[in-house]
Amino acid sequence: MPLLGFGTLRMKDPEKCEQTVREALESGYRMFDTAASYGNEMAVGNALKSYMSEGRVRREELFVITKLWIDKAGEEPAVKALEESLERLQTDYADLYVIHQPYGDYYGAWRALERLYEKGKIRAIGVSNFSPERLTDLCLNSRIPPMVNQVELHPFYHQKDALHIMEELGVQPQAWAPLCEGLKNIFSNRTLEKIGKKYGKSEAQIALRWNIDRNVSVVVRSSVQEHMKEDIDIWDFCLTGADRRAIDALDLGYSEILDYGNPCIARMFLRKKVL
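Conventions and cut-offs
Throughout, residues of each chain are indexed from 1 in the direction in which the sequence is written. A pLDDT threshold of at least 70 governs which residues receive local features in this predicted model, and a stricter bar of 80 or more applies before side-chain atom pairs are shown or counted, although totals over entire chains, interfaces and linings include all residues. Where side-chain values are given, they derive from all heavy atoms of the structure, hydrogens and water being excluded. Between buried and exposed lies partly exposed: a residue is buried under 20% and exposed over 50% of the maximum accessible area for its type, with that area taken using a 1.4 Å probe on protein chains only. For helices the rule is a DSSP run of H or I covering at least 4 residues; for strands it is a run of E covering at least 2, with both sets numbered from the N terminus onward. The criterion for strand pairing is that DSSP finds at least two bridges linking the strands in question. Each aromatic pair joins two rings of Phe, Tyr and Trp (for Trp, the six-membered one) with centres within 6.5 Å, and gets the label stacked for planes under 30 degrees apart, edge-to-face for over 60, and tilted for any other angle. Consider the ring centre and the ring normal. A charge sits over the ring if Lys NZ or Arg CZ is within 6 Å of that centre and within 35 degrees of that normal. Read the arc as the range of directions from the helix axis to the C-beta atoms. By definition in these notes, contact holds between two residues if any of their heavy atoms fall within 4.5 Å. For this analysis, a polar contact is any N or O atom pair within 3.5 Å, provided that within protein one partner can donate a hydrogen and the other can accept it, and provided that sequence-adjacent residues contribute only side-chain to side-chain pairs. Between Lys or Arg on one side and Asp or Glu on the other, a salt bridge is scored when a side-chain nitrogen of the former is within 4 Å of a carboxyl oxygen of the latter. Here an axis means a line fitted to C-alpha atoms, over the contact stretch when the element is a helix, while the angle between two N-to-C directions is reported on a 0 to 180 degree scale. Convention used here: angles under 35 degrees read as roughly parallel, angles over 145 as roughly antiparallel, angles from 65 to 115 as roughly perpendicular, and any remaining angle as oblique. Each residue gets one label: Ala, Val, Leu, Ile, Met, Phe, Trp, Tyr, Cys and Pro are nonpolar, Asp, Glu, Lys and Arg are charged, and the others, such as Gly, are polar. In this description, a nonpolar core means a group of buried Ala, Val, Leu, Ile, Met, Phe, Trp, Tyr and Cys residues linked to one another through side-chain atoms lying within 4.5 Å.

Draft legend 1. Examining the pairing of strand β8 (residues 217-220) more closely. Across the two faces of β8 the burial is the same, with Ser 217 and Val 219 and Val 218 and Val 220 all buried. Where strand β1 (residues 4-7) meets β8, 3 bridges bridge the pair, whose relative direction is parallel. Within the sheet, the bridge partner assigned to Gly 5 lies in β8 and is Val 219.

Right, here's the structure in full:
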């Protein structure tokens, strides 16, 4: 799995989504993250298929991620949900299939994912937003443990304990919202700006490199091609120990995006249905 990929959350307009994914491909991205709940798998699939048909990329060069929503959790529904996602994506397999939320019958869904993985319909299986205790429970009570856990990780929410547990369990962390969705004035943060000046990099590039240096895969999202190219241009430098210690001081210790300890979040997600 690449350490940096492109996300498609909130890209509802099919034409705009397809155009944006093509621009991401042109910018060098090869990992693409979507989900049944995003409502844009068809547009993502259209963009990838057309780019491949032009001979500009091969399927084996792409890493395609999609996710199972709560209302399709369960052993049999999960199989059908994957079939529908693959049909919309216009591909024979997913490189990574993820249980999107830690709610509903995710144990039944996980048994289905194990079978689909063994059949080659999925190249890797994982989860998203699983807390350390739920992840540990699933890892210790499954034939094939999760390979990836997508969680919120950025300079204002480090989740060091969660990363330690993932390392112990052999689970690869992948960051959603690695730029904090633009909150907390991350693009004008003085600490990130000061570090960036040393390397000729932006605050966003420093934030992304910080996660990469922690062996965290990141999924970025932008509708501006200039920003896409900037976000992927982070491979010519590494942060020093002093840099990382400065960023350590930014950690709030809690999320200002989604508090999974709040029961209202569970109620909100459980009410959402995916057609």
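Draft legend 2. Seen up close, the packing of aromatic side chains. Per the stated rule, a full pass over the model turns up 7 aromatic pairs. Directly above the ring of Tyr 93 sits Arg 59, whose terminal nitrogen or CZ lies 4.1 Å from the centroid.

Draft legend 3. Seen up close, helix α7 (residues 190-199). Of all the positions in α7, only Leu 192, Ile 195 and Gly 196 are classed as buried. The arc that holds the buried residues of α7, viewed along the axis, is 105 degrees, so those residues lie on one side. In α7, the exposed positions that point more than 90 degrees away from the buried face belong to Arg 190, Lys 194, Lys 197 and Lys 198. Buried residues in α7 make contact with α8 (203-213) and α10 (241-248). One side-chain oxygen at the N-terminal end of α7 lies 3.0 Å from the backbone nitrogen of Thr 191; it belongs to Asn 189. At the exit of α7 stands Gly 200, carrying a positive phi of roughly 70 degrees.

Draft legend 4. Representation of the pattern of salt bridges within the structure. Enumeration over the complete set of coordinates arrives at 22 salt bridges. For Lys 80, the salt bridge identified is with Glu 84, shortest N-O distance 2.4 Å. A residue pair is termed a helical-turn pair when its members lie 3 or 4 positions apart in one helix, as Lys 80 and Glu 84 do in helix α3 (residues 75-89) at 4 residues. Classification of Lys 80 by relative accessible area gives exposed; the value is 51%.

Draft legend 5. Structural context of the sheet that holds β8. On the basis of which strands lie adjacent, the closed barrel formed by 8 strands has the order β1-β2-β3-β4-β5-β6-β7-β8 and parallel pairing. Across this sheet, the average inter-strand angle for adjacent strands is 30 degrees, counted without regard to direction. In this sheet, β8 lies alongside strand β7 (residues 172-176) in parallel orientation, the contact comprising 2 bridges. What sits directly across from Gln 174, in β8, is Ser 217.

Draft legend 6. How the structure looks around the packing of helix α2 (residues 41-53) against α3. Look at α2 against α3: their axes get within 7 Å of each other, and the N-to-C directions meet at 45 degrees. Between α2 and α3, the angle is such that the two are oblique. Where α2 abuts α3, its residues Glu 41, Met 42, Val 44 and Gly 45 lie against Ser 85, Arg 88 and Leu 89. In the contact of α2 with α3, the residues fall into 3 nonpolar, 2 polar and 2 charged.

Draft legend 7. Looking closely at the environment of Phe 237. Relative to the assigned elements, Phe 237 resides in the loop between α9 (225-232) and α10. The spacing of Phe 237 and Met 268 is 31 residues in sequence and 41 Å in space, taken between C-alpha atoms. Not counting residues up to four positions away in its chain, the partners in contact with Phe 237 are Tyr 199, Lys 201, Gln 205, Ile 206 and Arg 209.

Draft legend 8. Geometry of the nonpolar core. Counting residues in hydrophobic clusters, the biggest one holds 71 residues, and the most contacted among them are Val 21, Tyr 29, Phe 32, Leu 48, Ile 99, Leu 113 and Ile 247. When near neighbours in sequence (up to four residues on either side) are disregarded, Leu 113 contacts Ala 78, Tyr 97, Ile 99, Ile 122, Ile 125 and Gly 126. Membership of the second largest hydrophobic core comes to 8 residues, among which are Trp 69, Ile 70, Tyr 103 and Phe 269.

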